[in-house]
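Coordinates in review
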Amino acid sequence: MLNERSNIVSRTAVVPSNIALIKYWGKRDDQAQWPANDSLSMTLSTACTTTTATIADGVDELHVDGKVVVAGTDHKALNYLGKLRRELGFTAPLAIRSSNSFPADCGIASSASGLAALTTAAIAAWTGASSFSELAAADFGRERLAALARRGSGSACRSLHGGYVLWEAGNAPASQSVSVALDAGVFDLADVIVILSREKKAVPSTVAHRAAWTSPLFAPRLAGLPDRMARLKKALRDQDLTSLGDLIETEALEMHAVMMSATPASTYMLPRTSEFFAWLRTARRRGDFEAYFTLDAGPNPHVLCRPDDAARVAERIRRDFGADDLILDTTGTGPTLHAEPLSSGKLI
Ligand code: PMV
């Protein structure tokens, strides 16, 4: 069993969400959380989860966005916390308070930031670490945190760094790795998140991942991905928005084609989502702005553009497309860890 310091009160992790440019879709091994392909994401800044873990008496307790999750219920985060404790050998129960700066479960990767924040805050509280370097000294470096977080939600492993993050599948579950592909500050982009629906998704991504292999489009997708990944990395290095934009739109549409052609099929897009794609492409062709879409497992597009253009793109989306519910985000520098509760009002 690892050491636990009894004088620890609480630790708070602020962890950003991430938007995949090359998507993780389908797993080679469900149990080992081994993805079918390499993926690459941009870490966000505004869309984040703030999670405080406090050593408590009794049993684990979880509050998400002010609502209590009762112990013993079949809840993703609570189940994951139990597994984490058993695997690492910590005994102290935790009171977890978590809040999202954005609507959860509708395709803005709340599970990515949520599960990465839970992993970081819980292990920091159990070990007493107050910073990422203290976590590393306690044998919980970012690579290990990523390996643990992805058991809760695959995409969570990409939320532990800033900038652009590469999750490589490797040749075996144990040889997966997560690394920084390009630091924040090198090619910063804006992400205008267009919330067309705040409804929770009908099909959890865990269920839909399993069906990917039944799609006739999945094998050709996997065969073509190494080339797309190489071209995306080049576009990032060259700070070439036009090439990057073409690649990410094709990628998002291909993932959704796999989802829709699988058995059972899942359709996350709404009619309004595809209307938006057509509208954005027309505006771009007209020369109104240079911006490109991508889409996770939900109906809400992310629009990537240069930071200087973000306000104009957002204004056009509001005025010409008629969507008001927007989050203006940018490339972020990654998670932070705090020994004291934050006074920003983010905590509950
Ligand atoms: O992390 P999960 O199991 O919720 O899978 C999410 C996968 C996508 O968000 C659709 C793509 C990705 O790579 O983030």
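Quick look at the pairing of strand β5 (residues 61-64) now. Relative to strand β7 (residues 94-100), β5 runs parallel, the two sharing four bridges. When the bridges of β7 are listed, Glu61 appears paired with Ala95. In terms of strand pairing, β5 meets strand β6 (residues 67-69) through three bridges, oriented antiparallel. If you follow Leu62 over to β6, its bridge partner there is Val69. Taking the residues that link successive antiparallel strands as the turn, the β5-β6 hairpin has two residues, and the phi of Asp65 there is positive, at about 50°.

Our focus in this paragraph is the packing of aromatic side chains. Counted by the stated rule, this structure contains nine aromatic pairs. Seen in terms of ring centroids, Phe276 and Trp279 are 5.6 Å apart; in terms of plane orientation they differ by 40°. Their pairing is tilted. With Phe276 and Trp279 both in helix α8 (residues 271-286) and three residues apart, this pair spans about one turn of that helix. Judged by relative accessible area, which is 16%, Trp279 ranks as buried. Here Trp279 and Phe321 contribute two aromatic rings whose centre-to-centre distance is 5.6 Å and whose plane-to-plane angle is 45°, an arrangement assigned as tilted.

Our next topic: the environment of Leu118. Within the secondary structure, Leu118 sits in helix α2 (residues 110-127). Leu118 sits in the buried class, given a relative accessible area of 4%. Measuring from C-alpha to C-alpha, the distance between Leu118 and Gly152 comes to 9.4 Å, with 34 residues separating the pair along the chain. Residue contacts for Leu118: discarding those within four places in its chain leaves Thr51, Ala77, Tyr80, Leu81 and Ile96.

With antiparallel pairing, the four strands of this open sheet are ordered in space as β11-β12-β10-β13. Each of the sheet's edge strands pairs with one partner strand only, and the pair in question is β11 (291-294) and β13 (326-330). Pairs of neighbouring strands in the sheet enclose a mean axial angle of 25°, with direction left out of account. Strand direction decides the pairing type here: strand β10 (residues 190-194) and β13, joined by five bridges, are antiparallel. Bridge pairing in β13 places Ala190 opposite Thr330. In the packing of α8 onto the sheet, contacts are made with β10, β11 and β12 (302-305), and the angle to β11 comes to roughly 160°.

On to the confidence of the model for the protein chain. Here the protein chain averages 92 in pLDDT, and 94% of its residues register 70 or above. Throughout residues 1-6 the model reports pLDDT below 50, and contacts reaching past four residues in sequence, or to other chains, amount to 17 contacts. Note on residues 344-348: pLDDT under 50 across the span, and 13 contacts to partners over four residues away in sequence or across chains.

Among the secondary structure elements, Asp296 is positioned in the loop between β11 and β12. A polar contact of 2.8 Å, which involves the side chain of Asp296, links it to the side chain of Lys23.

Between its terminal C-alpha atoms helix α9 (residues 310-321) stretches 15 Å, which fits the 16 Å expected from 12 residues at 1.5 Å a residue. Among the residues making up α9, those that are buried are Ala310, Val313, Ala314, Arg316, Ile317 and Phe321. End-on, the buried residues of α9 take up no more than an arc of 160°, which puts them together on one face. Opposite the buried face of α9, at more than 90 degrees from it, the exposed residues are Ala311 and Arg319. On its buried face, α9 is in contact with β10, α8, β11, β12 and β13. Once α9 finishes, Gly322 follows within two positions and takes phi at roughly 80°, a positive value.

The immediate surroundings of the ligand are formed by 14 residues, with Tyr24, Ser153, Ser155, Arg158 and Ser205 found nearest. A distance of 2.7 Å separates an oxygen atom of the ligand from a polar side-chain atom of Ser155. Within the side chain of Arg158, a nitrogen or oxygen atom sits 2.8 Å from an oxygen atom of the ligand. With the chains in place, 95% of the 380 Å² that the ligand exposes on its own is no longer accessible. For the shell around the ligand, the class distribution of residues is five nonpolar, six polar and three charged.

Conventions used here
Residues numbered from 1 in each chain as written. Predicted model: local features only at pLDDT ≥ 70, side-chain atom pairs only at ≥ 80, totals over all residues. Heavy atoms only, no water. Pairing = 2+ DSSP bridges. Helix = DSSP H or I, 4+ residues; strand = E, 2+ residues; numbered from the N terminus. Phe/Tyr/Trp six-rings, centres within 6.5 Å; stacked < 30°, edge-to-face > 60°. Buried < 20%, exposed > 50% of the residue type's maximum accessible area, 1.4 Å probe, protein only. Contact = heavy atoms within 4.5 Å. Axes fitted to C-alpha atoms, helices over the stretch in contact; angles between N-to-C directions. pLDDT = per-residue confidence, 0-100. Polar contact = N/O pair within 3.5 Å; in protein donor to acceptor, adjacent residues only side chain to side chain. Expected span 1.5 Å × (residues − 1). Arc of directions from axis to C-beta. Near = heavy atom within 4 Å. Areas by Shrake-Rupley, 256 points an atom, 1.4 Å probe, with all protein chains shown as cover. Nonpolar A, V, L, I, M, F, W, Y, C, P; charged D, E, K, R; others polar.

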